[in-house]
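Close look at the chain arrangement
Read off the chains here:
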Amino acid sequence: MLQDIRDKSQGIVVKIIVGFIVVTFALFGVDALVTSFNSSDKVAEVDGVDITRTQMLQGAETQRRQLISMMGSQINPALLEDNLLQRRALDELIQRAVLANQADVLGLGVSDEQVNAYLLQAEQFQTNGQFDQTKYLNFLRSLGFTPLAFKERIKQDVLIQQPRNAIAGSEFVLPYQTDVVTNLQSQVRSYDYVSFSLADESEQTSVTDAELQAYYDEHKDSFKTPEQVKVDYVVVSSTDFANKVQVSDAELQNAYQALVAETAPEERSASHILIETADRSSEEAQAIAKEVEGKLAAGESFASLAAEYSDDIGSKNDGGYLGFIEKGSMDEAFENVLFSMQQGDVKEAKTDYGIHLIQLDDVSKVDVPSFESEKAQLTDSLMADKTRDALLTAHEDITDLAYASDNLEGIAKEYGVDVLQSAYFGRQGGTDDVTANAAVIAAAFGNSVLEDGQNSDLIELNDDEVVVIHLNDHQPESVQSFDEVKDQVASIVIQDKALASLKEKALAAKASSSTQWTSVESAKRGQDEITSLAFSLPHPEQGPVTDIKDMSNGDIALIRLNQVDVGTEPVSEEQQQAYQRYLSQNQASLSTQSQQAYLTNQADIER
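Note that the coordinates shown come from a computational prediction; the quantities given were computed from them, not determined experimentally.

**Topic: the sheet that holds strand 18 (residues 556-566)**
Spatially, 16-5-18-17 is the arrangement adopted by the four strands of the open sheet, whose pairing is antiparallel. Unpaired on one side and paired on the other, strand 16 (518-524) and strand 17 (545-550) mark the two borders of the sheet. Here the average twist between neighbouring strands, direction ignored, is 30°. Looking at chain direction, strand 5 (residues 187-196) and strand 16 are connected through five bridges and run antiparallel. Residue pairing for strand 16: Val188 is matched across the bridge by Lys524. Against the sheet, helix 20 (residues 482-511) touches strand 5, strand 17 and strand 18, its axis set at about 45° to strand 18.

In structure tokens, the structure reads:
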């Protein structure tokens, strides 16, 4: 059927439809196209507001990209399953619709200016403290948003957050609540314990073949070989375009000039005498400046005159010394004079603060590297950029080749690469960079590759490599034979028997009057694992409380809690403030969750 679709995709009707889509994208972006298909594809309704399948699919795709961006190759491929992502996306859309409807009822609003201000101030979109349009657009591209759609998303985020912020801001913590947490955290416990080693018990435990066979027969489903696939794949990297791009002399010169421009700017060391005009007239200030200039001409030192005349309390007692200054750090009028001076000069500058007599003490000369010394590195950098851009440009062609064929030979031939073959791997991924990639794993077990035998879509491994995969072989899940898993079964049965034996010994020790206990006095919370287990026991109201606890290494601990006391060590004010912040944040979170649950319960939701 898929091949029929491909064959018919060359027809005139399909070309007209594709032409419409292209024009829509070009003129209005993806939002217009999405809107055009939204009206008749409803998947849910919240108080009369429709949620469309397109919105759900967009939300699922955004979640998929966010997960891959945050977790990379470490992500569990199960998190990328379409059904799971779509359910989560629909749940999120419903919750957002509930909150948006509430904001509408409350008459709240967000202006475009507020959204623009938020985006301009967001640190993730800044470079050196300034808004970076390239970084912003790359971020949007990574999430699959157009600028218009992203701004609308931010506008709704800010809108629905307003009531939540109001609720969170109304929370407060009473002193007694902080005291309760302080007392709990400083609590100490005295207890006795006996530990029983699972490893030692396992060494003394034996099992028969009949026991192993019986366990295997009862737990066959636990000994399955997971579903596995083997794939063919082609990797196209930016280096494959090295012989197709060139770096011109003009480009090298431009790169060199950019490098020079980025080199640390010239700095000038200066001292000054400031004669303020805030409390005196300009004429009076000018007269004092002339007096100082006369004394300088007569041979008096700049430093001594600064101590006597300067109104700059920060520098007057240090000879007026300001240190090294670079352009853009001082008043423009001050800098214009300073950077026009020769070393040793004294010149006058007028600013809003008053009259400055500036002395240029030193000039920090910047060593600019020569073009020849940087040429090789600049060439490599430009080549890397150009080959990466060439790969990016080729994405569409690679995608078309993958879609147009039922094998990988066309891509391999077009880009001069080999068709490679992976080892078998399951849904947890393989051990190499390709089969360990979450997007590759998701594609390998996706319907189009696994069931329909098609090439995958283009998958970005990193900025310099993309891959397309094709199913080579599929091995379904199967139960392993007893002989294959006998050692594994033996380990499980021995451990189970040893653990049961330890439990019996612990119960006997609990009832015995001759048990040898190890005592611990005034233990603090979390100092070791046994202490943490002791803190899980209830207070000994009617005498010691004794219980058997499992430890993380498989051992058993018999613990007898004797006494619970409040610690005597003082708690710092900083720690108390931390407890207060924790309580406040926790209460705010609970309140906003309760509000969300209430609004959801009150809403008319149809799925």
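Past the structure itself, the notes keep going.
**A short note on the pattern of salt bridges**
Summed over the entire model, instances satisfying the criterion amount to 24 salt bridges. When the shortest N-O distance is used, the salt bridge between Arg153 and Asp157 registers 3.6 Å. Pair noted here: Arg153 and Asp157 are both in helix 8 (residues 147-169), with a separation of four residues, about one helical turn. What makes Arg153 partly exposed here is its relative accessible area of 27%. The partly exposed category is assigned to Asp157, whose relative accessible area is 27%. Asp221 is the partner of Lys224 in a salt bridge, and the nearest nitrogen-oxygen pair spans 3.9 Å. By relative accessible area, which is 31% here, Lys224 ends up partly exposed.

**Describing a nonpolar patch on the surface**
Together, Phe172, Leu174, Tyr176, Val180 and Leu184 line one region of the surface with nonpolar side chains, adding up to about 510 Å² of accessible area. Considering the arrangement of structural elements, one finds Leu174 in the loop between helix 8 and helix 9 (175-185). Judged by relative accessible area, Leu174 falls into the partly exposed class, the value being 38%.

**Some points on the packing of helix 9 against helix 22 (residues 573-602)**
One can describe the packing of helix 9 onto helix 22 by two numbers: an axis separation of 9 Å at closest approach and a directional angle of 115°. Handedness of the helix 9/helix 22 crossing: right-handed. Note on element contacts: helix 22 touches helix 9 through Gln576, Tyr579, Gln580, Leu583 and Gln587, opposite Gln177, Thr178, Val181, Thr182 and Gln185.

**Overview of the confidence of the model for the protein**
Of all residues in the protein, 92% attain a pLDDT of 70 or more, and the chain-wide mean is 86. Contacts from residues 1-40, a stretch scored under 50 in pLDDT, to residues over four places away or in other chains number 30 contacts.

**Brief notes about helix 8**
Compared with an ideal rise of 1.5 Å per residue, which puts 23 residues at 33 Å, helix 8 spans 31 Å between its outermost C-alpha atoms and is within 8% of the ideal. Residue Gln162 marks the point of greatest curvature in helix 8, where the axis turns by about 35°; the proline Pro163 follows within four residues. Where helix 8 is concerned, the buried positions are Ala149, Phe150, Ile154, Leu159, Ile160 and Pro163.

**Remarks on the sheet that holds strand 10 (residues 346-351)**
Read from one edge to the other, the open sheet built from four strands follows the order 9-8-11-10, with strand pairing classed as antiparallel. Taken across any chain shown, the strands that pair with only one partner, and hence form the sheet edges, are strand 9 (321-326) and strand 10. The sheet shows a mean angle of 40° between the axes of neighbouring strands, direction not considered. Here strand 10 pairs with strand 11 (residues 354-364) via six bridges, running antiparallel. From the neighbouring strand, Thr351 faces strand 11, where its bridge partner is Gly354. Sheet strands in contact with helix 13 (residues 282-297) are strand 8 (267-276), strand 10 and strand 11, and its direction is about 40° off that of strand 11. Across the sheet, helix 14 (residues 302-309) is in contact with strand 8, strand 10 and strand 11; its angle to strand 8 comes to roughly 40°.

**Here's the deal with the nonpolar core**
Of all hydrophobic cores here, the largest spans 22 residues; its most connected members are Val46, Ile51, Leu90 and Ile94. Per element, the largest residue contribution to this core is nine residues, and it comes from helix 5 (residues 82-105). Apart from the residues lying within four places of it in its own chain, the contact partners of Val46 are Ile51, Ile94, Ala97, Val98, Asn101, Ala603, Asp604 and Ile605. The next biggest cluster of nonpolar side chains, apart from the first, holds 19 residues, and it includes Val440, Leu450, Val467 and Leu471.

Here is what the cut-offs are and how they apply
Residues numbered from 1 in each chain as written. Predicted model: local features only at pLDDT ≥ 70, side-chain atom pairs only at ≥ 80, totals over all residues. Heavy atoms only, no water. Pairing = 2+ DSSP bridges. Helix = DSSP H or I, 4+ residues; strand = E, 2+ residues; numbered from the N terminus. Axes fitted to C-alpha atoms, helices over the stretch in contact; angles between N-to-C directions. Contact = heavy atoms within 4.5 Å. Salt bridge = Lys/Arg side-chain N within 4 Å of Asp/Glu carboxyl O. Buried < 20%, exposed > 50% of the residue type's maximum accessible area, 1.4 Å probe, protein only. Patch = residues over 30% accessible without salt bridge, like charges linked within 9 Å, V, L, I, M, F, W, Y side chains within 5 Å. Areas by Shrake-Rupley, 256 points an atom, 1.4 Å probe, with all protein chains shown as cover. Left-handed = near helix turned anticlockwise from the far one by under 90°. pLDDT = per-residue confidence, 0-100. Expected span 1.5 Å × (residues − 1). Bend = angle between axes of the 7 residues up to and from the residue. Core = buried A, V, L, I, M, F, W, Y, C linked by side-chain atoms within 4.5 Å.

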